[in-house]
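# Understanding the architecture of this molecule
If you want the building blocks of each chain, they are given just below.
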Amino acid sequence: MRPRAIAALLLAAGLAACADQAPLPTEPPQLRRSKPDQARVGVNVLLAEAPSEHMLEQLVEFGRLRGELPEINAVFIVARESDIPAIEALPFVLAANPDAERTGRPLDTVSAEDFLEGLSTWNLDAINVTDFGPDNRVVSHDGTGVYVAVLDTGLRDTWRRYFPEERIATEYARSFGGGGVAGINVSQQPNKWEHDTDSHGTHVTSTILGYSLRGTPIAGTAPKATVIPVKVLDQTGSGWSSVIAAGIRYVAELKAGPLADDPVVINMSLGGPYVDAVEQAAIDYAITKGVIVVAAAGNYGARGMAFPGSYEPVISVASAGWIHEWTDCGPGERAWWLACDISDPTPADEFYVPGYSSRAKPGQELDVTAPGELVVGPYQLQSGHIEYWFLGGTSMAAPHVAGVVALMAEKHPGLTAAEAEGILEGTALALVGYDAKDQGAGLIQADLALAATP
C-alpha cells in the first residue's frame, strides 16, 4: 500500500479545487467568447414536446441532426453558435445550449458472492455502516434487491479481481460515447464499459460493494446491491452532458421496464460548471420513473457547486475527512484506515470539510456530507496491474450516500427521491465549525437514516 498515494484526486480526475478564485460561470464558454461566425458546435435542444417531423425540418435548417432523446423531448444538432439565440426563439424550443463538458475522472474472479463479512474501514465506521470487531456490520440491511447504476468511466478489465461477478449486472451494463462541441453523434459503444483505462468508476463502485484487497474482503456500504456500470465518461475521465443525458435516460427506461419492481439508484460522481437543460430534463424524467439520483457536489471550493449536483431534485454530496487520519492505533500490521476505531456515537468535532469540497453559493442547495478524503479502493495506473490507492474528492463521497440510499430502498422499495433526501438530511450529524453552505445538513448516519425509513 503506498502511503498517501493520491491525497486528493479531484472530481472525476479533472476538476480544480480553486477555493479563492472567482465564482463559477453560469454560461458555457462558447457563449461568452467571440468566435468566427462559421464555427459549428454541438447544440443540445430541449423541446416543449416530443420531436415531430415539422420540428426537425426547421431545426436542420440550422445544421445537421446528430441524435434524439424523444422520451425527454430532446434533440442534438450541430449548428453555428451564433444561431443558438435563433434556435431558442423557435416556438417549440424551451432551451438550447452548447454541449457542456463533464469530468469525473478473462481474468481471475473473486470467489465470493458479496463482501457482507468484509473488514470495516474508517469511512464506513464514520457513517455507522460498520464498526470494528468480529460482527462489524452495524446496520441490518445490505442492499439486497436494489440496483445502483454507476454513471462513470465504466470498469477496468480486471474488475473480476475486485468484485464478485454476481454483484455486477453485466446484462444491463452499457457504454455511451460521442457528443462534444464538435457534434459527434451520441451512440452506444458495445462492451466498452468493461474496458476502462481511467479506474475512476472502479474505485467508486468499490465504496458501494466493497472489494477484494489481494484476497482480503473489504466491506462496502451496500454489499448485496447490484451495480449497473454505465460508461458515460471517456478513457480520460471526461465527457459531455449529451452523453450523460443518454445514460440517465437509459437507466430510467430500465426502471420503467425490466426493473419496474426493483428500486433503482443512480450515482454520478461527475459534474461540470455549466447547467445543461437536456441533462436536467433527463434527471427529471428518471425521477418521475422512480429513480433516486445522487451526485457529487463538485471540487470547486468556494466557487460553488457543480452541475448536476447543484440541481435541487438531486441528492448532492460534499466531502468530509477525519482528523485522526494516519494515526498510529497501536501495535500490529494493519494501517490506520482499517484499524482505527471511531468513537460511538460519531463525534461531530472529529471531522472536517476539505477546502476543495464545493460550497453552496446563493441559489444552490447542498444536501449532505459523506467521507471523501483518503478513501482506499482499487485504482490502477497500469493495465493488468492490481493496485489500490487513497483517493480524495466529492467523487468518493457520493457513492457512500448512494449505498446508504440503497439500504433505505431495500427497507422501503417505494422510497421516493424526495423522501430519501428528507430522511438523510433529518438524520445527518452537523459537523462542528461549518455552516450549511459547507456541509448541507451534515455527515450522513446510516443507522439513523434506516431507523427513520418507514
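Everything below is about the structure shown above.
In this report, we go over the structure that sits alongside the text. Everything numeric here is computed off the predicted structure, so don't read it as measured data.

This next bit is on the side chain of Thr205. Here Thr205 lies in helix α5 (residues 200-209). For Thr205, the residues in contact, after removing those within four places along its chain, are Val150, Leu155, Phe163, Ile168, Gly210 and Val227.

We now examine the environment of Ile292. By the element assignment, Ile292 lies in strand β14 (residues 292-296). Put simply, Ile292 and Val314 are 22 residues apart on the chain and 7.8 Å apart in space, counted from C-alpha to C-alpha. Dropping the residues within four chain positions of it, Ile292 is found in contact with Val264, Val265, Ile266, Ile315, Val405, Leu415, Thr416, Ala417 and Ala420.

Among the residues making up helix α9 (residues 417-427), those that are buried are Ala417, Ala420, Glu421, Ile423, Leu424 and Thr427. Burial along α9 is one-sided: seen end-on, the buried residues are contained in an arc of 165°. With respect to the buried face of α9, the exposed residues turned more than 90 degrees away are Ala418 and Gly426.

The N-to-C vectors of helix α8 (residues 394-411) and α9 enclose an angle of 110°; their axes lie 11 Å apart at closest approach. Here α8 lies roughly perpendicular to α9, going by the angle between them. In terms of crossing hand, the pair formed by α8 and α9 is right-handed. Together, Val401, Val404, Val405 and Met408 of α8 and Ala420, Ile423 and Leu424 of α9 make up the contact between the two elements. Across the contact of α8 with α9, the residue classes break down as seven nonpolar, no polar and no charged.

Right, let's get into α8. For α8, with 18 residues, the first-to-last C-alpha span of 26 Å sits near the 26 Å given by 1.5 Å per residue. Counting buried positions along α8 gives 16 out of 18 residues, so the element sits mostly inside the fold.

What counts, and at which threshold
- Residues numbered from 1 in each chain as written.
- Predicted model: local features only at pLDDT ≥ 70, side-chain atom pairs only at ≥ 80, totals over all residues.
- Heavy atoms only, no water.
- Helix = DSSP H or I, 4+ residues; strand = E, 2+ residues; numbered from the N terminus.
- Contact = heavy atoms within 4.5 Å.
- Buried < 20%, exposed > 50% of the residue type's maximum accessible area, 1.4 Å probe, protein only.
- Arc of directions from axis to C-beta.
- Axes fitted to C-alpha atoms, helices over the stretch in contact; angles between N-to-C directions.
- Parallel < 35°, antiparallel > 145°, perpendicular 65-115°, else oblique.
- Left-handed = near helix turned anticlockwise from the far one by under 90°.
- Nonpolar A, V, L, I, M, F, W, Y, C, P; charged D, E, K, R; others polar.
- Expected span 1.5 Å × (residues − 1).

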